[in-house]
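Topology and contacts: notes
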Amino acid sequence: MHPILDDHMHLQFQGDNVKAVKEFLKLGGTHLIMSHMPYSDMPLRSLEDFERQYERSLSMVEKVRKETEVKIWLTVGPYPADILRLMEHHSIEKAKDIMMDAMDLAGKWVEEGRAIAIGEVGRPHFEVSPEVWEASNEILIHGMEIAKERGCAIVLHTESATPEGWKELASFADRTGMDRGRVVKHFSPPAILPEENQGLFPSVLASKSNIKKALEKGNRFTMETDYIDDPRRPGAVLSLKTVPKRTKAFLQNGIMSEEDAWKIHKENPEKVYGIEVE
Ligand SMILES: [Zn+2]
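Residues numbered from 1 in each chain as written. Predicted model: local features only at pLDDT ≥ 70, side-chain atom pairs only at ≥ 80, totals over all residues. Heavy atoms only, no water.

The final tally for this structure, using the stated rule, is 14 salt bridges. Here the residues in one salt-bridge network are Lys108, Glu112 and Arg114, joined through shared partners. (Salt bridge = Lys/Arg side-chain N within 4 Å of Asp/Glu carboxyl O.)

What follows is the structure in structure tokens.
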């Protein structure tokens, strides 16, 4: 049996959660990497609030482990837009400090085995003030320092990838001594060649055309849906069924080889996250 892994997805208590996972399993999916995302119904003013939010994500992972056969891991970290929420209550300096502390906390969670990587972290994908942009970069670089220290991967949420953007992110990794290959660019286009992604690791959004284009160039990537499990936004993103469905269809029509599937769903995630996919 093939492992089939979705590299970036979310589950919500008010969403389909276990039901969606069961459908994923039914279609042949086997492994999930769930990324923590902020909860708008919970306060976010202090480090303690971050910890309570991370705990809600962990309790979802534990629920899914209890109620299904899937293998699921968690990544945690301060979501890029969280800095704006903190700035509703604090100066930018104070907000930045809390984000840095939330990054340290994520590192501690990795050390304690509650999470496998730091993420999703980075910088807002929408226009922000130069001050917020600068602060976000400093917070991100701090995250890379921690990931380097902990020997774990870091999952980036950033603006749409441009050649300059990839270069800048790679330069941040180099500055901290972080292995570029363990810096995951989530929501990546099929930019899988080293000259396109500067050696950072692309987690490619699993649309048909993206995965087809990626496979024409090679197999150094993972597949993700960025499923958000939000009942208020049905169909806003790919369904959790997409990765197994696409993988099976592409294996059947020969667009993806057995070797590709093994690389994408097992060897790549094992190398990037230091996990065992079996
Ligand atoms: Zn996400």
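Our focus in this paragraph is the nonpolar core. Counting residues in each nonpolar core, the largest one holds 57 residues, and the members touching the most others are Leu11, Ile118, Met144 and Ile154. Element by element, the count of residues in this core is highest for helix α4 (residues 92-111), at ten residues. Ile118 has contacts with Val76, Met103, Ala106, Gly107, Val110, Gly143, Ile146, Ala147, Cys152, Ala153, Ile154 and Val155, leaving out every residue within four places of it along the chain. In this structure, Ile4, Ile192, Met256 and Ala261 belong to the second largest nonpolar core, which totals 14 residues. (Core = buried A, V, L, I, M, F, W, Y, C linked by side-chain atoms within 4.5 Å. Buried < 20%, exposed > 50% of the residue type's maximum accessible area, 1.4 Å probe, protein only. Helix = DSSP H or I, 4+ residues; strand = E, 2+ residues; numbered from the N terminus. Contact = heavy atoms within 4.5 Å.)

Together, Glu93, Asp97, Asp101, Asp104, Glu145 and Glu149 make up a region of like negative charge exposed at the surface. Looking at the negative patch, the elements that each hand over two or more residues are α4 and α5 (130-150). Counting residues per element, the negative patch draws most heavily on α4, at four residues. Looking at the secondary structure, you find Asp104 in helix α4. (Patch = residues over 30% accessible without salt bridge, like charges linked within 9 Å, V, L, I, M, F, W, Y side chains within 5 Å. Areas by Shrake-Rupley, 256 points an atom, 1.4 Å probe, with all protein chains shown as cover. Lys, Arg positive; Asp, Glu negative; His and termini not counted. Charge placed at Lys NZ, Arg CZ, Asp CG, Glu CD.)

Another aspect to go through is the pairing of strand β3 (residues 71-76). For β3, a buried count of five out of six residues is recorded, marking the element as mostly surrounded by other parts of the structure. Note that the unit made of strand β2 (residues 31-35), helix α2 (residues 47-67) and β3 has a crossover that is right-handed. Of the strand pairs in this sheet, β3 and strand β4 (residues 117-122) are connected by two bridges, and their pairing is parallel. Following the sheet pairing, Thr75 is matched in β4 by Ala117. (Right-handed = clockwise from strand over helix to strand, strands pointing away. Pairing = 2+ DSSP bridges.)

The coordination sphere of the zinc ion contains the protein donors His8 (NE2), His10 (NE2), Glu120 (OE) and Asp226 (OD), at a distance range of 2.1 to 2.4 Å. If you look at the zinc ion, its four donor atoms make angles of 85 to 178 degrees with each other, and the shape they trace is irregular. The sequence pattern describing where the donors of the zinc ion fall on their chain is H-x1-H-x109-E-x105-D. Residue His8 is located in strand β1 (residues 5-9), and its partner Glu120 is located in strand β4; the two are separated by 112 residues in the primary sequence. Residue Glu120 is classed as buried on the basis of its relative accessible area of 2%. (Donors = N, O, S within 2.8 Å, 3.2 Å for Na, K, Ca; no water. Tetrahedral: all angles 85-135°; square planar, octahedral: opposite > 155°, others 65-115°.)

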